[in-house]
Amino acid sequence: MGYLANKEIDVTQTMFGMDPLIMFGLATISCGAAGWLAGPTLGGAAFKLVKKRWIGQIAEREKEFLQHIKKNRVDPSFQSFSNPVPDYYGEKIGSVKQYRQWLKDQRAYNKKREAFL
């Protein structure tokens, strides 16, 4: 960005047949898109490299958590338009508080389902 901010632009010259300001804008957007695409890959690799000894523990905890999700989620075969399944895969869980709320929602759905059977 510093280079582009200090670069003098000659409006009479074109870059690849386009106005230089448009080319600089496209270059900036392209660099941002490349960073957005490469960031998770490089960040994940760097995290695994730095935190090598904890990767096994993290994977074990994640597996245990997913088993809890499978065990506690509701049976979707009883859903209807008036009683949809609440977050079947637990995708909205981001904290312990949200996990507890997810458990409450699953229990409430089961109670509601049993009351209407």
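Residues numbered from 1 in each chain as written. Predicted model: local features only at pLDDT ≥ 70, side-chain atom pairs only at ≥ 80, totals over all residues. Heavy atoms only, no water.

Is there a simple way to explain the overall build of the protein in this structure?
Check the secondary structure of the protein and you find 4 helices and 0 strands. Helices and strands appear in the protein in the N-to-C order α-α-α-α. A globule of 117 residues ought to have a C-alpha radius of gyration of about 13 Å, yet the protein, at 26 Å, is considerably larger. Expressed as lengths along the three principal axes of its C-alpha atoms, the size of the protein is roughly 80 × 45 × 20 Å. Taken across its 117 residues, the protein has 14% of its residues classed as buried. Roughly 9,900 Å² of accessible area belongs to the protein as shown, and the carbon and sulfur atoms make up 61% of that amount. Across the protein, the mean location of the 18 positive side-chain charges is 12 Å away from that of the 11 negative side-chain charges. (Helix = DSSP H or I, 4+ residues; strand = E, 2+ residues; numbered from the N terminus. Rg over C-alpha atoms; globule rule 2.2 N^0.38 Å. Buried < 20%, exposed > 50% of the residue type's maximum accessible area, 1.4 Å probe, protein only. Areas by Shrake-Rupley, 256 points an atom, 1.4 Å probe, with all protein chains shown as cover. Lys, Arg positive; Asp, Glu negative; His and termini not counted. Charge placed at Lys NZ, Arg CZ, Asp CG, Glu CD.)

What is the right way to look at the confidence of the model for the protein in this model?
Low-pLDDT portions of the prediction should not be read for the details of their coordinates. In this model, the protein carries an average pLDDT of 86, and 93% of its residues clear a pLDDT of 70 or more. Ranking the elements of the protein by mean pLDDT puts helix 1 (residues 2–6) last, at 66, and helix 3 (residues 52–72) first, at 93. (pLDDT = per-residue confidence, 0-100.)

Looking at this structure, how should I read the packing of aromatic side chains?
Ring pairs (aromatic) are described by centroid distance and by the angle formed between their planes. Per the counting criterion, the structure on display carries 3 aromatic pairs. The interplanar angle of 55° and the centroid separation of 5.6 Å between the aromatic rings of Phe 65 and Tyr 99 together place this pair among those described as tilted. On the criterion of sequence distance, the pair formed by Phe 65 in helix 3 and Tyr 99 in helix 4 (residues 96–116) is long-range, its members being 34 residues apart. We classify Phe 65 as partly exposed; its relative accessible area is 31%. Here Tyr 99 falls in the buried class, since its relative accessible area comes to 17%. Their ring planes at 15° and their centres at 6.2 Å tell us that Tyr 99 and Trp 102 sit as a pair that is stacked. (Phe/Tyr/Trp six-rings, centres within 6.5 Å; stacked < 30°, edge-to-face > 60°.)

Sorry if this is basic, but what is going on with the nonpolar core here?
Most often, soluble globular proteins have nonpolar side chains that are buried together. Of all hydrophobic cores here, the largest spans 5 residues; its members are Ile 69, Ile 93, Tyr 99, Trp 102 and Leu 103. Counting residues per element, this core draws most heavily on helix 4, at 3 residues. (Core = buried A, V, L, I, M, F, W, Y, C linked by side-chain atoms within 4.5 Å.)

Whenever I open this one, a positive patch on the surface confuses me. Can you help?
On the surface, a cluster of positive charge is contributed by Arg 100, Lys 104, Arg 107 and Lys 111. Residue position: Lys 104 is located in helix 4. For Lys 104, a relative accessible area of 48% corresponds to the partly exposed category. (Patch = residues over 30% accessible without salt bridge, like charges linked within 9 Å, V, L, I, M, F, W, Y side chains within 5 Å. Salt bridge = Lys/Arg side-chain N within 4 Å of Asp/Glu carboxyl O.)

Is there a simple way to think about helix 2 (residues 20–50) in this case?
The α-helix advances 3.6 residues per turn, and as a result positions three or four apart in sequence lie on the same side. For helix 2, built from 31 residues, the straight-helix expectation of 45 Å at 1.5 Å per residue is met to within 8% by its first-to-last C-alpha distance of 41 Å. Remark: the principal bend of helix 2, roughly 40°, maps to Ala 38, with a proline, Pro 40, within the next four residues. For helix 2, the complete set of buried residues consists of Pro 20, Met 23 and Phe 24. (Expected span 1.5 Å × (residues − 1). Bend = angle between axes of the 7 residues up to and from the residue.)

Before we go on, may I ask you to explain the side chain of Asp 87 in this structure?
Looking at where Asp 87 falls in the secondary structure, it is placed in the loop between helix 3 and helix 4. Buried Asp 87, no salt bridge; nearest opposite-charge side chain is Lys 92, N-O distance 5.5 Å. Within polar-contact distance, the side chain of Asp 87 engages the backbone nitrogen of Glu 91 at 3.1 Å. Only 3.2 Å separates the side chain of Asp 87 from the backbone nitrogen of Lys 92, close enough to count as a polar contact. (Polar contact = N/O pair within 3.5 Å; in protein donor to acceptor, adjacent residues only side chain to side chain.)

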